[in-house]
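Architecture and fold: a report
Spelled out, the chains give:
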Amino acid sequence: QELTTAQEALKALPKTKVMARQMLERIYSKAFVDYLANGVEFVAVNPENGGKTYVHDEVDAALMLYNLFIIGPGMVREAEAQGNEAWDLEKYLTPEESAWFSYLSDAEDFYEKGPSFANSTVTYDIAQSLLDGLFNEVQTQVVDGQHDHVATLRFAHAETIIPLVALMKLVGSRQGAEVGTLYSQENNEWRGGWVSPYAANIQWDVYQNADQQVLVKMLYNEKEVAFKDGCEPIAAGSHFYDFAELKRCYAIEG
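Here goes a summary of the coordinates provided. This is a predicted model, so every value here is computed, not measured. (Residues numbered from 1 in each chain as written. Predicted model: local features only at pLDDT ≥ 70, side-chain atom pairs only at ≥ 80, totals over all residues. Heavy atoms only, no water.)

Describing the overall build of the chain
A tally of regular secondary structure across the chain gives ten helices and six strands. Counting only C-alpha atoms, the chain reaches 75 × 45 × 35 Å along its principal axes. Looking at the chain as a whole, 37% of its 254 residues qualify as buried. Counted over contacts in the chain with a minimum sequence separation of 6, partners at least 24 positions apart contribute 57%. Just so you have it, the chain exposes about 14800 Å², and 53% of that area is on carbon and sulfur atoms. (Helix = DSSP H or I, 4+ residues; strand = E, 2+ residues; numbered from the N terminus. Buried < 20%, exposed > 50% of the residue type's maximum accessible area, 1.4 Å probe, protein only. Contact = heavy atoms within 4.5 Å. Areas by Shrake-Rupley, 256 points an atom, 1.4 Å probe, with all protein chains shown as cover.)

Spelled out as C-alpha cells, the structure:
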C-alpha cells in the first residue's frame, strides 16, 4: 500500500499533469488527451511472455512516450528498417519535460528496486545471494587457495544491479525515503543515471601478499568507490579493504 500511495502521488503532482499534456498535445488532439485524462484502460500484451502494460490516463501515455524516447538511441536497426538513419524523437519532448519524466522514472526504480522506504528492506533483500556469491568467490578462490580461475563474470540487467547496490549501501543508494515524504532529487542522492546507466558494472579486484593478507578494492561504473559506512579501509582515504574487515562489516559468516 505504501508503494501504491507513493506512485499515485507522483502521478498526481501538478507538474506531472502539465508536462504530460504538453507532450501528448504535440502528437494528439486536445480532445483525445482530454479523453485519456478522464480515465481509460488500454492494455498492451507482450507476445513473448504475456506481460501486460496498462494505460489508465494521460500520465501513463506520456510515460510510455518518454520510455520510447530514452531507448530510441539504441534502436538504430529498427530505424534503418523504416528507411531512417535514426528516429528524431527529440522533437516530441522539450528538455524540461525530459528532465521531469527522468525524475519520475528514477522515482519508480527507486521505490520498486532500490533503497525504497527507510523502514523496509524488501526491495533489495533478494540481492543477498549475489552479495554472498561475491564473498564466497573471494573466500574459495583466494583465501582457501583453490585458484581455479582468475575471474568470475556475471551479466544481468538493471533489475539486478539496482537491488545489489542498495543492499551494499554504495554511494548513490544509501538512503531510503520516509513514508509520507516523496523521493525527490532535492532530498535524496539516488539518480538512475549513476546507479544503473547503460553498461553499469560492479568489479571487485582482489590482492594477496606473501603473508596471505587479502585486500579488496571495488570499482562501480569504472570508478573506485568506498564500501558502505562502517567498513574501515586499510588507511584513511584508501579504497583497499582487508577482506576480514569486509566480512565483519557485511555480517558474512565463515
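This is not the end of the story, as more comes after the structure.
A closer look at the packing of aromatic side chains
Evaluation of the coordinates by the stated rule reveals 19 aromatic pairs. Between the aromatic rings of phenylalanine 110 and tyrosine 111, the centroid separation amounts to 5.2 Å while the plane-to-plane angle is 80°, which identifies the pairing as edge-to-face. Across the pair, tyrosine 111 and phenylalanine 110 agree in class, each one buried. Site record: aromatic cluster; members linked through ring pairs are Trp100, Tyr103, Phe110, Tyr111, Phe117, Tyr183 and Trp190. (Phe/Tyr/Trp six-rings, centres within 6.5 Å; stacked < 30°, edge-to-face > 60°.)

Topic: the pairing of strand β3 (residues 202-208)
Bridge analysis of β3 against strand β4 (residues 214-220) gives seven bridges, and the strand direction is antiparallel. By the bridge assignment, tyrosine 207 is partnered in β4 with leucine 215. Following β3, the chain reverses through five residues before pairing antiparallel with β4; glutamine 212 in that reversal takes a positive phi of roughly 70°. (Pairing = 2+ DSSP bridges.)

Observations regarding the nonpolar core
In terms of nonpolar packing, the biggest core is built from 58 residues, with Phe101, Met168, Trp204, Phe227 and Tyr250 touching the most fellow members. Those residues within four positions of phenylalanine 227 in sequence are excluded, and the remaining contacts are Met168, Leu170, Trp204, Val216, Met218, Tyr241, Leu246 and Tyr250. (Core = buried A, V, L, I, M, F, W, Y, C linked by side-chain atoms within 4.5 Å.)

Looking at the state of the cysteines
Applying the stated criterion to the full structure yields one disulfide. Between cysteine 231 and cysteine 249 runs a disulfide, and the two sulfur atoms are separated by 2.0 Å. Between cysteine 231 and cysteine 249 the sulfur-sulfur dihedral comes to about -90°; the bridge is accordingly left-handed. Highlighted residues: cysteine 231 in the loop between β5 (223-225) and β6 (240-242) and cysteine 249 in helix α10 (residues 243-249), separated in sequence by 18 residues. Each member of the pair, cysteine 231 as well as cysteine 249, is classed as buried. (Disulfide = S-S within 2.5 Å.)

Some details on the packing of helix α2 (residues 14-24) against helix α6 (residues 95-112)
For any two helices packed against each other, the geometry comes down to the angle between their axes and how far apart the axes lie. Interaxial distance between α2 and α6 falls to 10 Å at its minimum, and their mutual angle equals 130°. One finds that α2 runs oblique with respect to α6. Between α2 and α6 the crossing geometry is left-handed. Two secondary-structure elements touch here, α2 through Lys15, Thr16, Met19, Ala20, Gln22 and Met23 and α6 through Glu96, Glu97, Trp100, Phe101 and Leu104. (Axes fitted to C-alpha atoms, helices over the stretch in contact; angles between N-to-C directions. Parallel < 35°, antiparallel > 145°, perpendicular 65-115°, else oblique. Left-handed = near helix turned anticlockwise from the far one by under 90°.)

Section: the side chain of threonine 123
As for its position among the elements, threonine 123 is in the loop between α6 and α7 (128-143). The residues touching threonine 123, leaving out its near neighbours within four places in the chain, are Tyr111, Glu112, Lys113, Gly114, Pro115, Ser116 and Pro163.

With respect to the pattern of salt bridges
Tallying each qualifying case throughout the model produces twelve salt bridges. As a salt-bridge pair, lysine 11 and aspartate 60 come within 3.0 Å of each other at their nearest N and O atoms. One end of the pair, lysine 11, is in helix α1 (residues 2-12); the other, aspartate 60, is in helix α4 (residues 58-71), and 49 residues separate them in sequence. For aspartate 60, a relative accessible area of 11% gives the class buried. Between glutamate 97 and arginine 26 there is a salt bridge; the shortest N-O distance is 2.8 Å. Pair noted here: glutamate 97 is in helix α6 and arginine 26 is in the loop between α2 and α3 (30-37), with a separation of 71 residues, a long-range link. (Salt bridge = Lys/Arg side-chain N within 4 Å of Asp/Glu carboxyl O.)

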